Structure formats: structure tokens, C-alpha cells
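Structure assessment
Each chain, written out:
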Amino acid sequence: MQQRSGCPINAAVELLGDRWSMLVLRDVIFGDRRYFRALLTGSVEGIASNILADRLVRLVEAGILTRGTAARGQRALYSLTESGIQTLPILYALGDWGLDWRRGDDALRSRQQFMRDAGPAFLDELMDELRVRHLGAPPSPRHGPGAFERLEAAYAAERERTAGESVTGTPAGR
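Below or above, wherever it landed, is the structure these notes cover. (Residues numbered from 1 in each chain as written. Predicted model: local features only at pLDDT ≥ 70, side-chain atom pairs only at ≥ 80, totals over all residues. Heavy atoms only, no water.)

**Some remarks on the packing of aromatic side chains**
Enumeration over the complete set of coordinates arrives at 1 aromatic pair. Taking NZ or CZ as reference, Arg19 lies 4.6 Å from the ring centre of Trp20, over its face. The ring of Tyr155 has Arg111 lying over it, and the distance from NZ or CZ to the ring centre is 3.8 Å. (Phe/Tyr/Trp six-rings, centres within 6.5 Å; stacked < 30°, edge-to-face > 60°. Lys NZ or Arg CZ within 6 Å of the ring centre and 35° of its normal.)

Set out below in C-alpha cells:
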């Protein structure tokens, strides 16, 4: 892909700046969706199959993802490269801005709030876990649940809380 200029911001925006590329990366990173069908059906925004196929090709060609070889009738597994893992801080920054300046679903916002509250070391932990999942790196020793488990627990707790609100019409626990 020919870049319009040598500006590093332009280079990043030309690859990652469209809505769907960032959402595909979000779903690969946070949803652990690594197959075409999982990405297609798991997208809350409803990505079309032709758009998804195009974005996956672009991300593979750019070295953000790799596509595993699949025999006829088998599904290809997409994995993040180190370059793809390094998009996590970009997604985090966008999510932080969205948390401050845009409205949204409380349960979906809870993940971003959890990451913000956990601080920068938590992003490093997430990136290490992505390296284990996608690059086959050895896992770091830890005590207790991993970063993704804690993030998912925060999301599940908020979903449960908001489900309680919708049933009673009042905030749960009040």
C-alpha cells in the first residue's frame, strides 16, 4: 500500500484509521475471536462478510496479523504479530477518550474503566498474555487470575449488575 506521505501518524491512520480495522483488532484482542466466522458473528456492530474479509487481508498484508494455513474445509486461525500486540495501547487510548467523551453501554464501558483503574502495568500484563496466546511465548509465573480473566470478571460483574437494574427498574443493590 502506497502511503500519501512519510508522516508516521499518516502511515498509522492509513492502515488503522478506518472503523472496521480497529474493531477487528478489538475483537481479536479482547474477544479472543481468531476465526473468520467468530469475528463475523461476534461483532456487535454487524460487520459485513466482504468488509471483514478485506480488513483481514489488509491486516495480514501489513504484518499486524498472520493467517494460519488451513486445508480445504478447515478454518484459518488469525494471530496477532508483535506489531499487532503493540496496537493495544492505541486501542486503550481510543477507549479512554471514548470513556470520557462518549456515552455507551455500562457493561461494555466497564472493561475500559477496569483497565484505566488498574493502571499502565495492567496493559503490560495484557500484552504479555497476548504474546502467550498468539506468539507462543512462555507464560509468566503469576499468582491468581490473569489479566484477561480479571478483565472478563469485571465485565461479567457489570453485566450482572445492569441485568439486575433492568429487571427491577432500580439500580441493583440499592
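**Thoughts on helix H6 (residues 88–101)**
Compared with an ideal rise of 1.5 Å per residue, which puts 14 residues at 20 Å, H6 spans 20 Å between its outermost C-alpha atoms and is within 8% of the ideal. For H6, the full list of buried residues reads Leu88, Leu91, Tyr92, Asp96, Gly98 and Leu99. Here the buried residues of H6 occupy an arc of 165 degrees about the axis, which is enough to place them on one side. (Helix = DSSP H or I, 4+ residues; strand = E, 2+ residues; numbered from the N terminus. Expected span 1.5 Å × (residues − 1). Buried < 20%, exposed > 50% of the residue type's maximum accessible area, 1.4 Å probe, protein only. Arc of directions from axis to C-beta.)

**So, helix H8 (residues 120–135)**
Given a rise of 1.5 Å per residue, 16 residues ought to cover 22 Å, and the 22 Å separating the end C-alpha atoms of H8 matches this to within 8%. Listing the buried residues of H8 in full gives Phe122, Leu123, Leu126, Met127, Glu129, Leu130, Arg131 and His134. Positive phi shows up at Gly136, right after H8, with a value of about 75 degrees.

**Considerations on the side chain of Ser110**
Note that Ser110 resides in helix H7 (residues 106–118). Classification of Ser110 as buried rests on a relative accessible area of 12%. A polar side-chain atom of Ser110 sits 2.5 Å from the main-chain carbonyl oxygen of Ala107. When residues no more than four places from it in sequence are discounted, the contact partners of Ser110 are Ala154, Tyr155 and Glu158. (Polar contact = N/O pair within 3.5 Å; in protein donor to acceptor, adjacent residues only side chain to side chain. Contact = heavy atoms within 4.5 Å.)

**Some details on the nonpolar core**
Among the nonpolar cores identified, the biggest contains 33 residues, and Leu25, Phe30, Leu65, Leu80, Leu88, Met115 and Leu126 are the most heavily contacted of them. Broken down by secondary-structure element, the contributors of at least two residues to this core are helix H1 (8–16), helix H2 (19–30), helix H3 (36–42), helix H4 (49–61), strand E2 (78–80), H6, H8 and helix H9 (147–168). Residue contributions to this core peak at 8 residues, all from H2. Look past the residues within four positions of Leu65 in its chain and what remains in contact with it is Leu25, Val28, Leu56, Leu59, Val60, Tyr78, Ser79, Leu80 and Thr81. (Core = buried A, V, L, I, M, F, W, Y, C linked by side-chain atoms within 4.5 Å.)

**Section: the packing of H6 against H7**
Contact geometry of H6 with H7 gives a least axis separation of 10 Å together with a crossing angle of 110 degrees. In terms of their interaxial angle, H6 and H7 are classed as roughly perpendicular. With respect to the hand of their crossing, H6 and H7 are arranged in left-handed fashion. Of the residues in H7, those touching H6 at Tyr92, Gly95, Asp96, Gly98, Leu99 and Asp100 are Arg109, Gln112, Gln113, Met115 and Arg116. Classifying every residue of the contact of H6 with H7 gives 3 nonpolar, 4 polar and 4 charged. (Axes fitted to C-alpha atoms, helices over the stretch in contact; angles between N-to-C directions. Parallel < 35°, antiparallel > 145°, perpendicular 65-115°, else oblique. Left-handed = near helix turned anticlockwise from the far one by under 90°. Nonpolar A, V, L, I, M, F, W, Y, C, P; charged D, E, K, R; others polar.)

**Notes on the pattern of salt bridges**
Oppositely charged side chains are able to pair whenever their charged atoms sit close together. In total, this model carries 18 salt bridges according to the counting rule given. Here Arg26 makes a salt bridge to Glu45, at a shortest N to O gap of 2.7 Å. Of this pair, Arg26 sits in helix H2 while Glu45 sits in the loop between H3 and H4, placing them 19 residues apart in sequence. According to the relative accessible area criterion, Glu45 is partly exposed, its value standing at 29%. A salt bridge links Asp128 to Arg131; the nearest nitrogen and oxygen atoms lie 2.9 Å apart. A residue pair is termed a helical-turn pair when its members lie 3 or 4 positions apart in one helix, as Asp128 and Arg131 do in helix H8 at 3 residues. Judged by its relative accessible area of 36%, Asp128 is partly exposed. One salt-bridge network, held together by shared partners, links Asp18, Asp54, Arg55 and Arg58. (Salt bridge = Lys/Arg side-chain N within 4 Å of Asp/Glu carboxyl O.)

**Side note on the side chain of Ser43**
For Ser43, the location among the structural elements is in the loop between H3 and H4. When near neighbours in sequence (up to four residues on either side) are disregarded, Ser43 contacts Trp20 and Asp27.

Any functional reading would require information that these geometric values do not contain.
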